[in-house]
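Structure at a glance
Here is how the chains run, residue by residue.
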Amino acid sequence: MAAPQIILHHYAFSPYAEKVRLALGLKGLDWGSVEVAMMPPRPLLDPLAGGYRRIPVLQVGADIYCDTHAILPALERLAPEPSLYPTLGPALTEGLTYGLERDLWLAVIGITVHFAGDLPEAFLRDRKDDYLYVDISHAAMEPDFARNAQRVAAWTAWLTQALSDGRRFLGGERAGAADLAHYHLLWLMRGGERAGAVDRLLGLQPIRGWIERVAGIGQGRPQGMSAEAALEAARNAEPAPVEAVNTVPDLVAAAPGDAVTVTPDDFARVPVEGRLVAVDAGGIVIRRDDPQAGALHLHFPRAGFVVTKV
Ligand SMILES: N[C@@H](CCC(=O)N[C@@H](CS)C(=O)NCC(=O)O)C(=O)O
């Protein structure tokens, strides 16, 4: 069987990866599944992602998509039907889900830790020093539990109200990215043995049918792939052509061809170096020439990333 063209670098326990696995399922795609460690070092992903350390990362040949808000639009371009954006369209869905995830992420982790107890010491240290910059041990999160629970429960109240007219998915009959972005946050909190307690806390009993429907979308057709094979696929490919352009010069003071860094402005603020190819309303593209992976285009969303000329 030919190796799939779409490759996801991910680990099982990652909620943002779950969002993308379900997007691949919604579109019924074949994909190469490269399992990475739950924390660095990730020596075979670094040549592709240039040090961007968050998971998931999507690869299509020599094009590397960092962040789910770059990954889902890329999947939509590659395989337009069925759409990830029924009813609300891509702009509104991406905008709303970006705000939702960003606002709730630490509170969702707080609720997860409340029920799950402590995670391994090395994991906690990694998340504090190099990802969240917050101590997510049980002892450190617990004083904020009531605030976190109130915040997340206010959101799940909106969610249950939205679904209370009996619609199958948030946009109506067809599932889309809005469902996935709400679901993956619940997926983290409700993991393991926690589902019953979390459902009671957040009033999720009435929407268990929706939760099961979203889970039932499945993950498409993953095919296990080695990290070496993914590197090889990048080496053997050329990045897809992109028009060199900066449509927002007042916001990003760099021209195509300039050396720049692209850095997340929230978590895991590791600068990725390259040459600017394009920046416009839709996203940021930089080129990297990597000794192991060859010429690459790295794609980032505009929201949540800073471009700096070096
Ligand atoms: N805004 C990012 C968030 C991604 C994210 O925070 N992913 C988590 C895993 S679910 C992560 O990278 N954790 C640290 C790590 O795995 O190194 C996206 O939409 O992709």
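A quick note: this is a predicted structure, and the numbers were derived from the prediction, not measured.

**A word on the overall build of the chain**
Each helix and strand counted, the chain has eleven helices and eleven strands in total. Relative to the globule expectation of 19 Å for 310 residues, the C-alpha radius of gyration of the chain, 19 Å, shows essentially globular dimensions. Out of the 310 residues belonging to the chain, those deemed buried represent 53%. The contacts of the chain with a sequence gap of at least 6 include a subset with a gap of at least 24, amounting to 69%. Within the structure as shown, the chain displays about 13500 Å² of accessible surface, and the carbon and sulfur contribution to it stands at 55%. Taking the 29 positively charged and 37 negatively charged side chains of the chain as two groups, their mean positions are separated by 3 Å.

**So, the nonpolar core**
Residues L75, L84, W105, V152, L186, M189 and W210 are the most contacted members of the largest nonpolar core, which totals 60 residues. Residue-level mapping places this core at the junction of two domains, with at least three residues from each of domain 1 (6-82 + 222-309) and domain 2 (89-215). Once residues lying within four places of it in the same chain are set aside, the contact partners of W210 are L159, L163, R168, F169, L170, D179, H182, Y183 and L186. Y52, A62, V279 and I284 belong to the second-largest nonpolar core, a separate cluster that totals 29 residues.

**Structural notes on the UniProt feature "domain: GST N-terminal" (unreviewed entry) in the chain**
The UniProt entry lists residues 4-83 under the feature "domain: GST N-terminal" (unreviewed entry), expressed in the numbering used here. Between the C-alpha atoms that bound residues 4-83 the distance is 20 Å, and the span itself is 34% helix and 24% strand.

**Here's the deal with the packing of helix α1 (residues 15-26) against helix α8 (residues 177-189)**
The relative placement of two packed helices is expressed as an angle between their axes plus a distance between the axes. Viewed as axis vectors pointing N to C, α1 and α8 meet at an angle of 135°, and their least axial separation amounts to 9 Å. If you check the angle between α1 and α8, you find them oblique. Crossing handedness for the pair α1 and α8: right-handed. Only L180, A181, Y183, H184, W187 and L188 of α8 make contact with α1, whose side of the interface consists of P15, Y16, E18, K19, R21, L22 and A23. Tallied by class, residues from the contact of α1 with α8 come to nine nonpolar, one polar and three charged.

**Some points on the domain arrangement of the chain**
Considered domain by domain, the chain is made up of domain 1 (6-82 + 222-309) and domain 2 (89-215). For domain 1 and domain 2, the distance between their C-alpha centres works out to 24 Å. Counting from both sides, the interface comprises 29 residues of domain 1 and, opposite them, 27 residues of domain 2. For the pair domain 1 and domain 2, the summed buried area comes to about 2400 Å², and 66% of that belongs to carbon and sulfur atoms. For the domain 1 face of the interface with domain 2, the top three residues by lost area are Y16, H69 and F267, together amounting to 25%. The interface formed by domain 1 and domain 2 contains five salt bridges. We note a salt bridge from R102 to D265, for which the minimum N-O separation is 2.7 Å. Within the residue set of the side of domain 1 that touches domain 2, elements represented by two or more residues are α1 and α3 (68-78). The dominant element in the side of domain 1 that touches domain 2, judged by the number of residues it contributes, is α1, at eight residues. Grouping the amino acids of the side of domain 1 that touches domain 2 by side-chain chemistry returns 16 nonpolar, four polar and nine charged.

Conventions used here
- Residues numbered from 1 in each chain as written.
- Predicted model: local features only at pLDDT ≥ 70, side-chain atom pairs only at ≥ 80, totals over all residues.
- Heavy atoms only, no water.
- Helix = DSSP H or I, 4+ residues; strand = E, 2+ residues; numbered from the N terminus.
- Rg over C-alpha atoms; globule rule 2.2 N^0.38 Å.
- Buried < 20%, exposed > 50% of the residue type's maximum accessible area, 1.4 Å probe, protein only.
- Contact = heavy atoms within 4.5 Å.
- Areas by Shrake-Rupley, 256 points an atom, 1.4 Å probe, with all protein chains shown as cover.
- Lys, Arg positive; Asp, Glu negative; His and termini not counted.
- Charge placed at Lys NZ, Arg CZ, Asp CG, Glu CD.
- Core = buried A, V, L, I, M, F, W, Y, C linked by side-chain atoms within 4.5 Å.
- Domains from an automatic or database assignment.
- UniProt positions renumbered as here; feature names shortened; annotations may be inferred.
- Axes fitted to C-alpha atoms, helices over the stretch in contact; angles between N-to-C directions.
- Parallel < 35°, antiparallel > 145°, perpendicular 65-115°, else oblique.
- Left-handed = near helix turned anticlockwise from the far one by under 90°.
- Nonpolar A, V, L, I, M, F, W, Y, C, P; charged D, E, K, R; others polar.
- Buried area = accessible area lost by both parts, 1.4 Å probe.
- Salt bridge = Lys/Arg side-chain N within 4 Å of Asp/Glu carboxyl O.

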